[in-house]
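# Observations on chain architecture
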Amino acid sequence: AIIRGSDPALRGEYVAIGAHNDHVGYNNEPADHDSVKAFQMVARPQGADNEETPVSDADWTRIRHIADSLGARHPARRDSIYNGADDDGSGTTTVLEIAEASANAKVKPRRSLLFVWHTGEELGLLGSSYFTDHPTVPRDSIVAQLNIDMVGRGGANDITGVTKAGALIHGGPGYVQLIGSRRLSTELGDLAEKVNTEQRIGLAFDYSLDANGHPQNIYCRSDHYMYARYGIPIAFFSTGNHRDYHQVTDEPQYIDYEKLANVSQFVYDIAVQVANLDHRVVVDKPKPNPRGNCVQ
């Protein structure tokens, strides 16, 4: 979808805003929701991003206690569908909200806004790879891409990732991971900080997972990189991992909707700022080889 810019000289340039529509499908063996939840809480607090480490007898005792406690509150519920409420229902609905707000804005930004809901992200960035190889607008007319993937969690009880040294990272109020925002353009990263401060949005940025050589390799794992490989400045917004990542328990009741709204407002404000600049976002870092392997 496109919302045309208001400046005849600049409306041929685009700020792209995207998320991915796919998740990981279903399981042929239905599992009890509360049992999965309890196991993940104790043994796999980062969901599918945790290594398959052994579970101790003491941990199994905790898991059974938590499962019994959860099960006492409501009937057992077996489920086989990976709903993906956070991954990436949160991102796709955020893009839709930004599109609606942009369409209803009385004053349109100078450049055009390009909204892209990619698919095949979970299978290896297939949709974003295809789109950037065969874009619907000239590729060099895209001045920046803002990617939104998992922005509905990141609470104090969530293990959102690990530091490069391996220490666990906890979320908290306003917690957002900002990935890649200065990897091609210092200006874009500075602008994100400026928007958060000047608009008093109150987000707390975690840059630790953007470190070069970080073992979780987040920079290379979502759709933004398919734009970055062509030298298009990107910023990737996420509230990070949690126990329900790639589990049947990633459901809407666990989403932090207030945070989701704040992130939506933040990305909207960045998009408008970039679209209204009197120049293209400056690329001051080396561009990668578009056919090479991604390196964080």
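Structure: above.
A short tour of the structure in this document, coming up. Computed from a prediction, not measured in an experiment: that's the story for all the values here.

## Describing the overall build of the protein
Helix and strand counts for the protein come out as 7 helices and 11 strands. Against the compact-globule benchmark of 19 Å for 296 residues, the protein has a radius of gyration of 20 Å, which places it among compact chains. Over its C-alpha atoms, taken along the principal directions, the protein stretches across nearly 65 × 40 × 35 Å. Each of the 296 residues in the protein was classed as buried or not, and the buried ones make up 53%. At a minimum sequence separation of 6, the contacts of the protein that also span at least 24 residues come to 84%. Accessible surface for the protein amounts to roughly 13500 Å². Of this, 52% is attributable to carbon and sulfur atoms. Of the charged side chains in the protein, 28 are positive and 39 negative, and the gap between their average positions amounts to 5 Å.

## Digging into the pattern of salt bridges
One pass over the structure, following the stated rule, counts 14 salt bridges. The salt bridge involving R280 is made with E13; its shortest N-O contact spans 4.0 Å. One end of the pair, R280, is in the segment after helix 7 (257-276); the other, E13, is in the loop between strand 1 (2-3) and strand 2 (14-20), and 267 residues separate them in sequence. With relative accessibility at 37%, the residue R280 sits in the partly exposed group. Close ionic contact of R153 with D158 constitutes a salt bridge, the shortest N to O distance being 3.6 Å. The pair formed by R153 and D158 is uniform in burial state, with each residue classed as buried. Each of K37, R153, D158 and D244 takes part in one network of salt bridges that share partners.

## Concerning helix 1 (residues 33-43)
The buried fraction of helix 1 amounts to 8 of the 11 residues, a majority that puts the element mostly inside the structure. Residues H33, D34, V36, K37, A38, Q40, V42 and A43 constitute the buried set of helix 1. Of the surrounding elements, those touching the buried residues of helix 1 are strand 3 (26-32) and helix 2 (57-71).

## As for the pairing of strand 6 (residues 142-148)
Most of strand 6 sits out of view: 7 of its 7 residues are buried. Bridging between strand 2 and strand 6 involves 5 bridges; their strand directions are parallel. Bridged to V15 within strand 6 is A144.

## Considering the environment of K287
Along the chain, the position of K287 falls in the segment after helix 7. Judged by its relative accessible area of 57%, K287 is exposed. Each C-alpha atom of the pair K287 and L184 lies 6.9 Å from the other, and the pair is 103 residues apart in sequence.

## Section: helix 7
For helix 7, built from 20 residues, the straight-helix expectation of 28 Å at 1.5 Å per residue is met to within 8% by its first-to-last C-alpha distance of 29 Å. Within helix 7, the full set of buried residues consists of K259, L260, V263, S264, F266, V267, D269, I270, A271, V274 and A275. With a side-chain oxygen positioned 3.3 Å from the backbone nitrogen of E258, the residue opening helix 7 is D256.

## Structural notes on the packing of helix 5 (residues 186-198) against helix 7
The geometry of helix 5 relative to helix 7 is characterised by a closest axis approach of 10 Å and an angle of 125 degrees between their N-to-C directions. Classified by the angle their axes make, helix 5 and helix 7 are oblique. The handedness of the crossing between helix 5 and helix 7 comes out as right-handed. Contacts between helix 5 and helix 7 involve L188, L191, A192, V195 and N196 from the first element and F266, D269, I270, Q273 and V274 from the second. Residues that form the contact of helix 5 with helix 7 fall into these classes: 7 nonpolar, 2 polar and 1 charged.

## Observations regarding the nonpolar core
Counting 37 residues, the largest nonpolar core has I17, L146, F237, F266, V267, I270 and V274 as its most contacted members. Residue assignment for this core shows that the elements contributing at least two residues are strand 2, helix 3 (85-104), strand 5 (112-118), strand 6, strand 9 (175-179), helix 5, strand 11 (234-238) and helix 7. For this core, the element with the highest residue contribution is helix 7, accounting for 8 residues. If we skip the residues at most four places from it in the chain, V274 touches V15, R111, V143, A144, L188, L191 and V281.

Calculation criteria
Residues numbered from 1 in each chain as written. Predicted model: local features only at pLDDT ≥ 70, side-chain atom pairs only at ≥ 80, totals over all residues. Heavy atoms only, no water. Helix = DSSP H or I, 4+ residues; strand = E, 2+ residues; numbered from the N terminus. Rg over C-alpha atoms; globule rule 2.2 N^0.38 Å. Buried < 20%, exposed > 50% of the residue type's maximum accessible area, 1.4 Å probe, protein only. Contact = heavy atoms within 4.5 Å. Areas by Shrake-Rupley, 256 points an atom, 1.4 Å probe, with all protein chains shown as cover. Lys, Arg positive; Asp, Glu negative; His and termini not counted. Charge placed at Lys NZ, Arg CZ, Asp CG, Glu CD. Salt bridge = Lys/Arg side-chain N within 4 Å of Asp/Glu carboxyl O. Pairing = 2+ DSSP bridges. Expected span 1.5 Å × (residues − 1). Polar contact = N/O pair within 3.5 Å; in protein donor to acceptor, adjacent residues only side chain to side chain. Axes fitted to C-alpha atoms, helices over the stretch in contact; angles between N-to-C directions. Parallel < 35°, antiparallel > 145°, perpendicular 65-115°, else oblique. Left-handed = near helix turned anticlockwise from the far one by under 90°. Nonpolar A, V, L, I, M, F, W, Y, C, P; charged D, E, K, R; others polar. Core = buried A, V, L, I, M, F, W, Y, C linked by side-chain atoms within 4.5 Å.

Without other data, these values stay purely geometric and don't point to any function.
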